[in-house]
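So you can see what is in the structure, the chains are spelled out below.
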Amino acid sequence: PDHGTRFFALRMLERNPDVDDELVMYHVVERVTGARVGHVGFHGRPDERGRVRIGYAIALGARGRGYATEAVGWIVGWSDRHCDVIVLEADTDEGNLASQRVLELNGFQRAKVTGSTWLYHRPVTSTLEYRA
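Residues numbered from 1 in each chain as written. Predicted model: local features only at pLDDT ≥ 70, side-chain atom pairs only at ≥ 80, totals over all residues. Heavy atoms only, no water.

Colleague: Quick rundown of the sheet that holds strand S4 (residues 87–93)? Include the residues and the values.
Modeller: Spatial ordering of the open sheet is given by S1-S2-S3-S4-S6-S5, a layout of 6 strands whose pairing is mixed. Each edge of the open sheet is held by one strand with a lone partner, namely strand S1 (25–29) and strand S5 (109–114). Put simply, the sheet's adjacent strands are angled 25 degrees from each other on average, direction ignored. The pairing of strand S3 (residues 51–58) with S4 spans 3 bridges and is parallel. Note that in S4 the partner of Val 52 across the bridge is Leu 88. Taken strand by strand, helix H2 (residues 67–80) contacts S1, strand S2 (36–42), S3, S4 and strand S6 (117–123), and its axis lies near 30 degrees from that of S2. (Pairing = 2+ DSSP bridges. Helix = DSSP H or I, 4+ residues; strand = E, 2+ residues; numbered from the N terminus. Axes fitted to C-alpha atoms, helices over the stretch in contact; angles between N-to-C directions. Contact = heavy atoms within 4.5 Å.)

Structure (structure tokens):
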């Protein structure tokens, strides 16, 4: 795993690992080979406004094959079915065009720029209004 994956996994372990929680990290698995090619998941539970941050990473050798787009799409679909999630958030560096494209293909819109970090958000349904 790369540094980001290790950091993400350690953040998950900081939470109570005995709690039955679906808002965790999931492996991205290649269908044909069964190989783990990355991860996607939540950075915790939704806040009081129903916002939850997501993260994802794909191994260098597996990038450019649509795995991240599909994995983020899965997280979006999962979130659409859980009423405690109202808005998904994700951030990416301004130079990470591939990650920006993954988010945009899944209905995320850039909401805020802080330095070189771009924050994206996506309401779980088109009828919800989001205020950053």
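The structure having been displayed, the exposition proceeds.
Colleague: Hey, could you go over the side chain of Ser 79 for me, with residue numbers and the actual values?
Modeller: Checked against the element boundaries, Ser 79 lands in helix H2. Classification of Ser 79 as buried rests on a relative accessible area of 0%. If near-sequence neighbours (up to four positions away) are discounted, Ser 79 is found in contact with Phe 42, Val 85, Leu 88 and Val 124. (Buried < 20%, exposed > 50% of the residue type's maximum accessible area, 1.4 Å probe, protein only.)

Colleague: Could you give me a rundown of the packing of aromatic side chains, with the residues and numbers involved?
Modeller: Taken as a whole, this structure holds 2 aromatic pairs when the rule is applied. Ring centres of Phe 42 and Trp 78 lie 5.2 Å apart, and the angle between their planes is 55 degrees; this geometry places the pair in the tilted category. Linking Phe 42 in strand S2 with Trp 78 in helix H2, this pair joins segments that are 36 residues apart in sequence. According to the relative accessible area criterion, Trp 78 is buried, its value standing at 6%. A cation over a ring is seen here: Arg 110 above Trp 118, with NZ or CZ 4.1 Å from the ring centre. (Phe/Tyr/Trp six-rings, centres within 6.5 Å; stacked < 30°, edge-to-face > 60°. Lys NZ or Arg CZ within 6 Å of the ring centre and 35° of its normal.)

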